[in-house]
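Residues per chain, in single letters:
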Amino acid sequence: MGSNIIGWIVEAVGFGTVILYGTIGETLTEKAGNLNLGTPGIMVMGGAFGFIGCYLYEANTAHPVAAICILIALLSSFLMAMFGGLIYAFLTTTFHVNQNVVGLTLTIFGVGFGKFFGTYVTKASTAATGNVSTKAEFSYKVFSAKIPWLSTHTGWVGEVFFSYGFMFYLAIIIAIVATLFLMKTRAGLNLRAVGENPATADAAGINVTKYKYLATLIGSGITGLGGLYYVLDYNNGIWATEAGSAIEAIAWLSVALVIFVRWRPVHAIWGSILFGICYWAYQYVPIIFNIKLNTDLIMMLPYVVTIIVLIISSVRNNREKQAPASLGLSYFREDR
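Residues numbered from 1 in each chain as written. Predicted model: local features only at pLDDT ≥ 70, side-chain atom pairs only at ≥ 80, totals over all residues. Heavy atoms only, no water.

## Quick look at the overall build of the protein chain
Piece 1. The number of helices and strands found in the protein chain is 15 helices and three strands.
Piece 2. For 336 residues, the compact-globule formula gives about 20 Å, and the C-alpha radius of gyration of the protein chain, at 20 Å, lands near that figure.
Piece 3. The C-alpha extent of the protein chain, read off along each of the three principal axes, is 60 × 50 × 40 Å.
Piece 4. Within the span of the protein chain, comprising 336 residues, buried residues form 49% of the whole.
Piece 5. Sequence-distant contacts in the protein chain: of pairs separated by 6 or more residues, those separated by 24 or more amount to 76%.
Piece 6. With an accessible surface of roughly 15,300 Å², the protein chain has 67% of that area assigned to carbon and sulfur atoms.
Piece 7. Taken as two groups, the 19 positive and 15 negative side-chain charges of the protein chain have centres that lie 7 Å from each other. (Helix = DSSP H or I, 4+ residues; strand = E, 2+ residues; numbered from the N terminus. Rg over C-alpha atoms; globule rule 2.2 N^0.38 Å. Buried < 20%, exposed > 50% of the residue type's maximum accessible area, 1.4 Å probe, protein only. Contact = heavy atoms within 4.5 Å. Areas by Shrake-Rupley, 256 points an atom, 1.4 Å probe, with all protein chains shown as cover. Lys, Arg positive; Asp, Glu negative; His and termini not counted. Charge placed at Lys NZ, Arg CZ, Asp CG, Glu CD.)

## Digging into the packing of aromatic side chains
Piece 1. In this structure the tally under the stated criterion is 20 aromatic pairs.
Piece 2. Judged by centre distance (4.8 Å) and plane angle (55 degrees), the rings of Phe 113 and Phe 117 are tilted. Of the two residues, Phe 113 and Phe 117 are both situated in helix 4 (residues 99-120); the distance of four residues between them amounts to about one turn of the helix.
Piece 3. On the basis of an interplanar angle of 45 degrees and a centroid distance of 5.1 Å, the ring pair of Phe 143 and Phe 166 is categorised as tilted. Note that Phe 143 is positioned in helix 5 (residues 137-144) and Phe 166 in helix 7 (residues 166-184), a separation of 23 residues in sequence.
Piece 4. Residue classification places Phe 166 among the partly exposed positions, given a relative accessible area of 26%.
Piece 5. One aromatic cluster is present, built from ring pairs that chain together Phe 15, Tyr 230, Tyr 234, Tyr 279, Trp 280 and Tyr 282. (Phe/Tyr/Trp six-rings, centres within 6.5 Å; stacked < 30°, edge-to-face > 60°.)

## Re the pairing of strand 2 (residues 132-135)
Piece 1. With burial as the criterion, only one face of strand 2 is covered, namely that bearing Val 132 and Thr 134; the residues Ser 133 and Lys 135 on the opposite face remain uncovered.
Piece 2. When strand 2 meets strand 3 (residues 238-240), the two strands line up antiparallel, connected through three bridges. Note that in strand 3 the partner of Lys 135 across the bridge is Ile 238. (Pairing = 2+ DSSP bridges.)

## Considering the environment of Ala 12
Piece 1. Along the chain, Ala 12 turns up in helix 1 (residues 2-31).
Piece 2. For the pair Ala 12 and Ala 171, spaced 159 residues apart in sequence, the C-alpha separation works out to 15 Å.
Piece 3. Excluding residues that lie within four positions of it along the chain, Ala 12 makes contacts with Ser 272, Ile 273, Gly 276, Ile 277 and Trp 280.

## Some words on the packing of helix 2 (residues 39-59) against helix 3 (residues 66-94)
Piece 1. At a closest axis distance of 7 Å, the pairing of helix 2 and helix 3 adopts a crossing angle of 150 degrees. It follows that helix 2 is roughly antiparallel to helix 3 by the angle criterion. By crossing handedness, the relation of helix 2 to helix 3 is classed as right-handed. Residues Ile 42, Met 45, Gly 46, Gly 47, Phe 49, Gly 50, Gly 53, Cys 54 and Tyr 57 of helix 2 pack against Ile 68, Cys 69, Ile 72, Ala 73, Ser 76, Ser 77, Met 80, Ala 81, Phe 83, Gly 84 and Gly 85 of helix 3.
Piece 2. Per-class residue counts for the contact of helix 2 with helix 3 are twelve nonpolar, eight polar and no charged. (Axes fitted to C-alpha atoms, helices over the stretch in contact; angles between N-to-C directions. Parallel < 35°, antiparallel > 145°, perpendicular 65-115°, else oblique. Left-handed = near helix turned anticlockwise from the far one by under 90°. Nonpolar A, V, L, I, M, F, W, Y, C, P; charged D, E, K, R; others polar.)

## Considering a nonpolar patch on the surface
Piece 1. Residues Phe 90, Leu 91, Phe 95 and Val 97 make up a contiguous nonpolar surface patch of about 330 Å² in total accessible area.
Piece 2. Among the secondary structure elements, Leu 91 is positioned in helix 3. (Patch = residues over 30% accessible without salt bridge, like charges linked within 9 Å, V, L, I, M, F, W, Y side chains within 5 Å. Salt bridge = Lys/Arg side-chain N within 4 Å of Asp/Glu carboxyl O.)

## Focus on helix 12 (residues 268-279)
Piece 1. With twelve residues, helix 12 ought to run about 16 Å at 1.5 Å a step, and its terminal C-alpha atoms sit 16 Å apart, in line with that.
Piece 2. If you check which residues of helix 12 are buried, you get Ala 268, Ile 269, Gly 271, Ser 272, Phe 275, Gly 276 and Cys 278. (Expected span 1.5 Å × (residues − 1).)

## Digging into the side chain of Ser 77
Piece 1. Of note, Ser 77 is situated in helix 3.
Piece 2. Within the structure, Ser 77 has its side chain in polar contact with the backbone oxygen of Gly 46 (distance 3.0 Å).
Piece 3. In contact with Ser 77, not counting residues within four places along its chain, are Gly 46, Gly 47, Gly 50, Gly 224, Leu 225 and Leu 228. (Polar contact = N/O pair within 3.5 Å; in protein donor to acceptor, adjacent residues only side chain to side chain.)

## Observations concerning helix 3
Piece 1. For helix 3, spanning 29 residues, the distance from its first C-alpha to its last is 40 Å, which sits close to the expected 42 Å at 1.5 Å a residue.
Piece 2. All of the buried residues in helix 3 are Cys 69, Ala 73, Ser 77, Met 80, Ala 81, Gly 84, Gly 85, Tyr 88, Ala 89, Thr 92 and Thr 93.
Piece 3. On the buried face of helix 3, the contacting elements are helix 2, helix 4, helix 5 and helix 10 (208-234).
Piece 4. His 96, located one to two residues past helix 3, shows a positive phi value of around 60 degrees.

## What to know about the environment of Asn 294
Piece 1. Locating Asn 294 in the fold gives a position in the loop between helix 13 (281-289) and helix 14 (295-298).
Piece 2. Given the relative accessible area of 44%, Asn 294 is considered partly exposed.
Piece 3. Along the backbone, Asn 294 and Tyr 282 are twelve residues apart, and their C-alpha atoms lie at a distance of 7.7 Å.

## So, unusual backbone geometry
Piece 1. Here the phi dihedral of Asn 236 falls at roughly 60 degrees; this positive angle occurs in a residue that is not glycine.
Piece 2. Turning to its location among the elements, Asn 236 is positioned in the loop between helix 10 and strand 3.
Piece 3. Located in the positive-phi region is Arg 262, a residue other than glycine, with phi close to 60 degrees.
Piece 4. Tracing the backbone through its elements, the reader meets Arg 262 in the loop between helix 11 (243-260) and helix 12.

Given below as structure tokens:
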């Protein structure tokens, strides 16, 4: 039983890391009042182009260097995801197009865009099933490398805490930094003010447009790293035709987790792991407890938990734990 529980936790952490990146990015975006439902598309774009960058590097280099591979992958993923965020910000902030419409359209565009380039730029090979896949062997080894000694010589502690690639620990650092930024810095206070009441923030001399753009671009870049982690670590360094669809499905959980943790990035660390535990319950609960469960119903647990939290939060009516007041609303400066 012990090995199964440890395996469950390890799987949950890996799955949750993808969600964690998306949650941090979407939280920053929503704190500026932008409800970006294009998160799945942006994450697919980031994963596809991060994979393309490192794959082309290692395929055309006789002796690839780990540091260069990491740099290329992170930059390619971050910048392409920022491009997706730029499309969203340009349409919603500059032209005041409905945020929900733009977000959903961006998801459709981003998933298709990422799938196309991820498949054809890397010249993926066709398998007997008709699917296509490409593996970046060197990049996978670099991104999935565990912490030396601690992961192998500390028993179950090493398995639970030190058996992950560097992007898991990077996600934790980003979550902590994002929380400190929002709660402890002047720029973070300005960003939250823009999300709560852009007219008041504007009257106070805060550049609303600048903060909305920056929050969306940086948040989208962080979201894209979730797609990169999925491909190069969680999915064993393989880009396949179904990878884009898998990333899209997981990314929607990121949007749900933002609500679950009440727009607090640091709480997304444990929240993402909890979502991972709920998701993988269908595989481990029957084994550990020797019972039969309906797989589809069990995989709904993360969403059910989110709905319960929403109900509880609404009953308590705590302003600090509610969404930014202007979330999803366009700001027209002339109406101030």
